[in-house]
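Chain by chain, the residues:
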Amino acid sequence: MTSKPWMCAVLYLAGVYNITWGTIVALFPNELFLLAGMEVPKYPALFQCIGMMIAVFGAAYLAAGHNPIRHWPIVFAGLLGRILGPIGFAYGLMEGTFTLKAGITILTNDLIWIIPFAMILWAAYRHAKQ
């Protein structure tokens, strides 16, 4: 089974999005906090590292976009992050660490990718069962 064109497109879009978002966060680590009405972190370099890690995931998505079925482990790692991110945000929201306004990043960074990533993994699973 070859990967469907939509699968490749999803990973290419996720790759470009993550590289863009990660680069912006790495270059301007305080901006999201200010926009969300949150206290600026004492150690912005930690958030810059998160931005760099997100950008690296973006590069991995671009590589996996050539054959999502074959590169399913990259998609799986991405899906785990997309699921754990909202869980961590919900915990931070309950603890008062995050504002509700900060949750907009959960929509664009995580939630919109869960279903397409899960569909790619399901296709990879079906392919492996053949």
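Residues numbered from 1 in each chain as written. Predicted model: local features only at pLDDT ≥ 70, side-chain atom pairs only at ≥ 80, totals over all residues. Heavy atoms only, no water.

A. Spatial organisation of the side chain of serine 3. For serine 3, the position within the fold is in the segment before α1 (5-27). A polar contact is formed between the side chain of serine 3 and the side chain of asparagine 67, at a distance of 3.1 Å. A polar side-chain atom of serine 3 sits 3.0 Å from the main-chain amide nitrogen of isoleucine 69. Those residues within four positions of serine 3 in sequence are excluded, and the remaining contacts are Cys8, Asn67, Pro68 and Ile69. (Helix = DSSP H or I, 4+ residues; strand = E, 2+ residues; numbered from the N terminus. Polar contact = N/O pair within 3.5 Å; in protein donor to acceptor, adjacent residues only side chain to side chain. Contact = heavy atoms within 4.5 Å.)

B. Focus on the packing of α1 against helix α5 (residues 104-129). Between α1 and α5, whose axes approach to 11 Å, the crossing angle comes to 150°. The angle between α1 and α5 places the two elements in the roughly antiparallel class. For the pair α1 and α5, the sense of crossing is left-handed. Taking contact as the criterion, the partners of Trp6, Met7, Val10, Leu11, Leu13, Ala14, Tyr17 and Trp21 in α1 are, on α5, Thr108, Asn109, Trp113, Pro116, Phe117, Met119, Ile120 and Ala123. Residue composition of the contact of α1 with α5, by class: 14 nonpolar, two polar and no charged. (Axes fitted to C-alpha atoms, helices over the stretch in contact; angles between N-to-C directions. Parallel < 35°, antiparallel > 145°, perpendicular 65-115°, else oblique. Left-handed = near helix turned anticlockwise from the far one by under 90°. Nonpolar A, V, L, I, M, F, W, Y, C, P; charged D, E, K, R; others polar.)

C. Representation of the environment of leucine 62. Locating leucine 62 in the fold gives a position in helix α3 (residues 44-64). The class of leucine 62 is partly exposed, set by a relative accessible area of 27%. Each C-alpha atom, one on leucine 62 and one on phenylalanine 89, is 26 Å from the other, the two residues being 27 residues apart in sequence. Residues in contact with leucine 62, not counting those within four places in the same chain, are Leu11, Tyr12, Gly15, Val16 and Ile19. (Buried < 20%, exposed > 50% of the residue type's maximum accessible area, 1.4 Å probe, protein only.)

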